Each structure stands twice: as structure tokens, then as C-alpha cells.
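Fold and contact review
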Amino acid sequence: MIHSTSLGGAIHFAYLVSSVLFILGIKGLSSPRTARSGNRLAAIGMLLAIVATLLDRQILSYTWIVAGIVVGSAIGAVAARTVTMTAMPQMVALFNGSGGGAAALVSSLEYRHLILSTGALPIDSGISILLGALIGAISFSGSIVAFGKLQGIFTEKAVTYPLQQVVNGLLAAAILVLAWMVLNGSGGNPAFLAFLAGSLLLGVLAVIPIGGGDMPVVISLLNSFTGLATAATGFALHNVVLIISGTLVGASGTLLTVLMCRAMNRPITNVLFGAFGAAPSGATSAGGGRAAMSGKPVRDVSVEDAATILAYARKVIIIPGYGLAVAQAQHALREVADLLKARGVEVVYAIHPVAGRMPGHMNVLLAEANVPYEELKDLDAVNPEFESADVALVVGANDVVNPAARHDPQSPIYGMPILDADKSKHILVLKRSMKPGFAGIDNELFYDPKTMMLFGDAKESIAKLAQTVKAL
Amino acid sequence: MIDHFLNDLTIFVLAIFVGYEIISKVPVILHTPLMSGTNAIHGIVLVGAMLVLGGADTTLARVVGFCAVVLGTVNVVGGFLVTDRMLQMFRKKSGPNEP
């Protein structure tokens, strides 16, 4: 809204300052030292934008607004304070869904406002409103499905059925037709409501065929969707701060999504439509590799032997995976690392970009366990170090250390950059059972003659390791 | 009307470039806080929700607008708090355990 009055000018100026604070805030997030102050800058920018908006002359009554903010703050604060770090991905999904839902509702109200006041929908506002409603609704329902999958309310597996892509395609076509009817005025309110319902349904149908291990990509993508929905809302309301902030988030989310996909060496279309990790795919996609593996022996190791190998190593590289988070064993693992360091062993953590259930999730989990971030090394930095490592300690990770990704073109994970655990002198794998990982394929690393398997719950195994190392 | 739109479009296109530039330098270890931090920023849609609720004239519009404000606030408050909680855990050297 471009205002002519000085008050309007002041609001506009406040929005400009907010936008700058958001940019500086995101910039601050690019380094661990400035990240926290960056987040605070962004929060100050948000507060400024909200206070400035309260002065807008469009606002006639404050009661409902204040009530809404109080209720929303209470819900948001309680949720943010009580969530565990393991559950962070689903929490972010929920917050993201709220934003998407808000964008869809704002677009709907703006539609109604324009229809009632002018009787028609101008083409530019109309398209902005429809885009805001469509993307916001997809983000809302998609995020809720993602939350349900991560929380274990629905199955984490990819849900597939015959003609799935055809059904989704038909739904998308129906949504387009409805959008056309809304824009040319022939459909009226029923068409708009059907459009909204169709968008919600599309969000659900688009996310259910995506497996749990691909959720980092989905959450990242939905995050960028909500940003774009917000930007579309900004177009409809002619509000600059909405356009700038929404677009910043849209761009960042898209970039993160691309980075994630690159880390898995799978095109985004494969992640979204490939139904990776579907229930039956383990049997079919594993193909010959699995049959050839199943007969091979694996080498079992006792806790005592494992502890001795670790304690007398010069260099240990720890490879944590999502299994570590599930077992809540990150604190116990840090204890073992501390004991080893006290004995003069060099310890680093190798973090695969897709370890965990959202980008960088493993870093947060280890930071929670007080692991200093200098010990966390990413794939490119750590891979040359495996050759000089005495032990690669794999805890709850699987597909990201499978050498098949390097040399077996038949493998579904072929081409994915992996951590070269197999290049170290010994490989110690802590694992509950021989169950395959998310990709549903067997891991040839487990059958490597250099590999020792310590079976059992990660937390118990690590606690026993700690005791034994202490006693040595 | 078209002037309005071109103004908005200019801002939109420039913001894409700014967003890409400032984010392409973020290290992997900060991806989760970055995601949840930017997640909080798109809660700015709350501003839009406040504007439409402030101008609402019927009960239906008020209820819908109220829901939008609640959802937007959850996004903002939850997003910033949870990001701060995560970031306070990132420290350089291992210190004493904090809650």
C-alpha cells in the first residue's frame, strides 16, 4: 500500500528497515559466531513491522488482532520451548504449515474483499490472490502430512497407488480450470472454495508418496513454498515487506532444496515423484545385490574388543546417523569421545549432508550434546582423512557409508556422495540389526572383512563402550 | 494498477537475487537454524493477516482473519524462539553442561 500521508510514509519506512534487518539477520546466520545475533536482528525487524502495521489506517479495530496475537504467541512459545531437538524437523514443519495456512486465509479474505467492494477481480490482483491461496494451501496441508510422517502418526514409508501421477495431474488440471473460472468471474464463490479445497488436497497427495528419509528435502521445499505464498500475498496487498521477506525465504528454501538433492545425487523430480523408500521397493530395487549379499557372513565383535580397538587408536572418525538420534544416544556418544580424547585419541565427527531428518539436523543434535562445532566435519573435508584413520565408528548410519554408491550402477543410491568409511583401517558399526536402511538396500560395508558389527541398541552399546573404555 | 504491479515485480526480482546471494554462503552445520530462521521470517504474513483482519466487516471475515493472525503469530513466535534455542547450543569449545 503506497500511502500519501506522513503516517503512511513512516509505516513504509519502517517496512524498509524491517526488510534490511531480515537481510542482515539471514547474513548473520551464515557463521556460527554471528548466527544468534542474526536471528535476533531478524526478530527485531519482525517486531518493528508488526508495530508499524498496527498504526495502519486500514485497521479499524484492534480487539481481534491483539487477541489473535496473544493466542498465537502462547501456542508458539510453548511449542518452541518444549520441543525436543530430535523432534525439531516436525516442529519446523508445523510452524511452516501455520505460515502457509495464514497466507491462504489472507488471500481468501482479500478475494472476498475485492469481490464485495468492486464486484470483479482485476487480473493482476486476481492472479496474486490465487497463487497465494494455492501455494499457501499446499504448504499448509503438505506440512501437516510431513509432520504426521515425522512424528510417526502416519507411516514414514512412501505411500503409492496405481495411477498416482495421473490422479495428481488431473487434480492439478482441475485446479487450473477452477482458477480460470474464478478469474473470469464465471465461477464465483463456489469456484474459489473448490479451488482452495483442491489445493489442500494436492498438498496431501503430493507429500504422501515421499518417504521419511527424503523429508529434509520436502520440508526445505515447503519452507520455500510458504515464502512464495507470502510474497504472492504481498503482491495482492501491494505490501513491500511481504514481497521482500517472502521472496528471500522462497529463494533460500529453493537453494537449500537444490543443495540437499545434490548431496544425494538425485534430481528433485526423483525425490518428489520417485516414491523412494516405498514399502515394496526394497524387494525390487535391491535386485541382484541383495541376493548376492544375504549369504555372506558378518563379523560380530564384543564390547570389550570394540572398546580396546577404540582406546588404542590414534584417530577415530565418528559417523553419526539418524539411528543415533532415534536412540537419543548423542550425549552418551560425546562421553565416549571425551574418554577417548582424554587418552590422547584424535576424534572427529563426519557429518553427511543428509544425516538426520532435516538439513544440518545432525549438527544440531550433536551441538545439543555439547560437541564443539570444530569437531564436526562435512563430507568434503573429512573424506581424505579416512585413509589415515584407525577406526571409523558408524553409529546408526547406513546408506551414507555404502560403498555401492561408488561402484555399483545397479544400486538405487549409485552416484550419491558417501563418507569413505571403508578406507579406514577398521570399521566399527553399531547397529540394532541387519535391517536395511531407508533406501531398502543391503550395505556391503557390513560384509567388509575390516568391519566389525556391535549389535544392540545404540544407547546401551555406547554406554557399555564408555564403561569399558573407562576401565581400561 | 499496472504501475503498482511493475513496482512490486521489480522488488520481487531484486529480492530473489539478494536471497540467493546471502544464502549461498551458509555452511552446512547451520542449515537447520537457517531453515527455521527463514521459516520465522515468512511469518511476516502476519502483517497481511493483521491488515485484512483490521478491515474485516463481518463475523465470518473476522473469524477467518483471526485464524490467520493466530497462525501467523505461531509461525513468528515459535520460529524465532526455536531458532534461538538451537543457536545457543552452538559453542566453540565444550563447556559445562547447560540445560
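Residues numbered from 1 in each chain as written. Chains lettered and ligands numbered in written order. Predicted model: local features only at pLDDT ≥ 70, side-chain atom pairs only at ≥ 80, totals over all residues.

The next subject is the overall build of chain A. Helices and strands together make up the secondary structure of chain A, namely 18 helices and six strands. Expected size for 472 residues packed as a compact globule is a radius of gyration near 23 Å; at 26 Å, chain A falls within 12% of this value. For chain A, the C-alpha atoms occupy an extent of roughly 80 × 50 × 35 Å along the three principal directions. Here chain A, with 472 residues, has 53% of them falling under the buried criterion. (Helix = DSSP H or I, 4+ residues; strand = E, 2+ residues; numbered from the N terminus. Rg over C-alpha atoms; globule rule 2.2 N^0.38 Å. Buried ≥ 20, exposed ≤ 12 C-beta atoms within 10 Å, placed from the backbone.)

Moving on to the interface of chain B and chain A. Across the boundary between the two partners, chain B contributes 78 residues, which contact 96 residues of chain A. Listing elements by their share of the side of chain B that touches chain A, those giving two or more residues are α1 (2-23), α2 (31-41), α3 (45-54) and α4 (59-87) of chain B. Taken together, the residues that form the side of chain B that touches chain A break down as 46 nonpolar, 24 polar and eight charged. (Contact = placed C-beta atoms within 7 Å. Nonpolar A, V, L, I, M, F, W, Y, C, P; charged D, E, K, R; others polar.)

Structurally, the position occupied by L193 of chain A is in helix α7 (residues 188-207). Separated by 253 residues in the primary sequence, L193 of chain A and F446 of chain A place their C-alpha atoms 54 Å from one another.

Once that is clear, we can look at α2 of chain B. In terms of residue burial, α2 of chain B counts as a mostly covered element, since eleven of its eleven residues are buried. Listed in full, the buried residues belonging to α2 of chain B are H31, T32, P33, L34, M35, S36, G37, T38, N39, A40 and I41 of chain B.

A few words now on the packing of helix α4 (residues 88-118) of chain A against α3 of chain B. For the pair α4 of chain A and α3 of chain B, interaxial distance at closest approach is 9 Å and the crossing angle is 35 degrees. Here the hand of the crossing between α4 of chain A and α3 of chain B comes out left-handed. Across the interface between the two elements, G99, A102, A103, V106, L109, E110 and H113 of chain A of α4 of chain A pack against V45, L46, G48, A49 and V52 of chain B of α3 of chain B. When grouped by side-chain class, the residues that make up the contact of α4 of chain A with α3 of chain B number eight nonpolar, three polar and one charged. (Axes fitted to C-alpha atoms, helices over the stretch in contact; angles between N-to-C directions. Left-handed = near helix turned anticlockwise from the far one by under 90°.)

Of all hydrophobic cores here, the largest spans 194 residues; its most connected members are L310, I318, I319 and V394 of chain A. Setting aside anything within four residues of it in sequence, one finds I318 of chain A in contact with L333, A337, V347, Y349, A350, L393 and V395 of chain A. (Core = buried A, V, L, I, M, F, W, Y, C linked by C-beta atoms within 7 Å.)

On to helix α15 (residues 361-368) of chain A. An α-helical segment advances 3.6 residues per turn. Residues three or four places apart therefore align on the same side. All names here are of chain A. Summarising burial for α15: seven of the eight residues are buried, a large majority. Burial in α15 covers these residues: H361, M362, N363, V364, L365, L366 and A367. Once α15 ends, the next one or two residues include N370, with phi positive near 65 degrees.

This next bit is on the pairing of strand β2 (residues 346-351) of chain A. All names here are of chain A. Note: strand β1 (residues 315-320) against β2, four bridges, orientation parallel. The partner of I317 across the bridge, within β2, is V348. In this view, the connection linking β2 to its parallel neighbour strand β3 (residues 376-378) by way of α15 has right-handed handedness. (Pairing = 2+ DSSP bridges. Right-handed = clockwise from strand over helix to strand, strands pointing away.)

Let's shift gears to the packing of helix α6 (residues 164-183) of chain A against α7 of chain A. Residues and elements named next belong to chain A. Packing of α6 against α7 brings their axes to within 9 Å, and their N-to-C directions diverge by 155 degrees. The angle between α6 and α7 places the two elements in the roughly antiparallel class. The two elements α6 and α7 meet at a crossing, and its hand is left-handed. Facing α6, whose interface residues are V167, N168, L171, A172, A174, I175, L178, A179, M181 and V182, α7 presents A191, F192, A194, F195, G198, S199, L201, L202, L205 and A206. Each residue belonging to the contact of α6 with α7 can be placed in one class, and the counts come to 17 nonpolar, three polar and no charged. (Parallel < 35°, antiparallel > 145°, perpendicular 65-115°, else oblique.)

This part covers unusual backbone geometry. All names here are of chain A. Despite not being glycine, Q328 shows a phi value in the positive range, around 55 degrees. By the secondary structure assignment, Q328 is in the loop between α13 (322-326) and α14 (330-342). Non-glycine residue N370 carries a positive phi angle of around 65 degrees. Looking at the element boundaries, N370 is found in the loop between α15 and β3. Judged by local crowding, N370 falls into the partly exposed class, with 18 C-beta atoms found within 10 Å.

With that out of the way, let us pick up the sheet that holds strand β6 (residues 451-455) of chain A. Pairing between sheet strands relies on hydrogen bonds along the backbone, with the strands arranged either parallel or antiparallel. Residue and element names in this part refer to chain A. Taking strand neighbours across the sheet as the criterion, the six strands line up as β3-β2-β1-β4-β5-β6 in an open arrangement whose pairing is parallel. Edge positions in the sheet fall to β3 and β6, since each has one partner strand and no second. Recorded for the sheet is a direction-independent mean angle of 25 degrees between the axes of neighbouring strands. Taken strand by strand, α14 contacts β1, β2 and β4 (391-395), and its axis lies near 170 degrees from that of β1.

Predicted coordinates in areas of low pLDDT are best not read in detail. The predicted model of chain A has a mean per-residue pLDDT of 88, with 94% of residues at 70 or higher. Note that residues 279-292 of chain A has pLDDT below 50 and, in this model, 20 contacts with residues that lie over four places away or in other chains. (pLDDT = per-residue confidence, 0-100.)

Take the confidence of the model for chain B next. All names here are of chain B. Predicted confidence across chain B gives a mean pLDDT of 86, with 88% of residues reaching 70 or more. In this model residues 94-99 is a low-confidence stretch, pLDDT under 50, and it forms four contacts with partners more than four residues away in sequence or in other chains. The complex model carries a pTM of 0.83, and its ipTM stands at 0.91.

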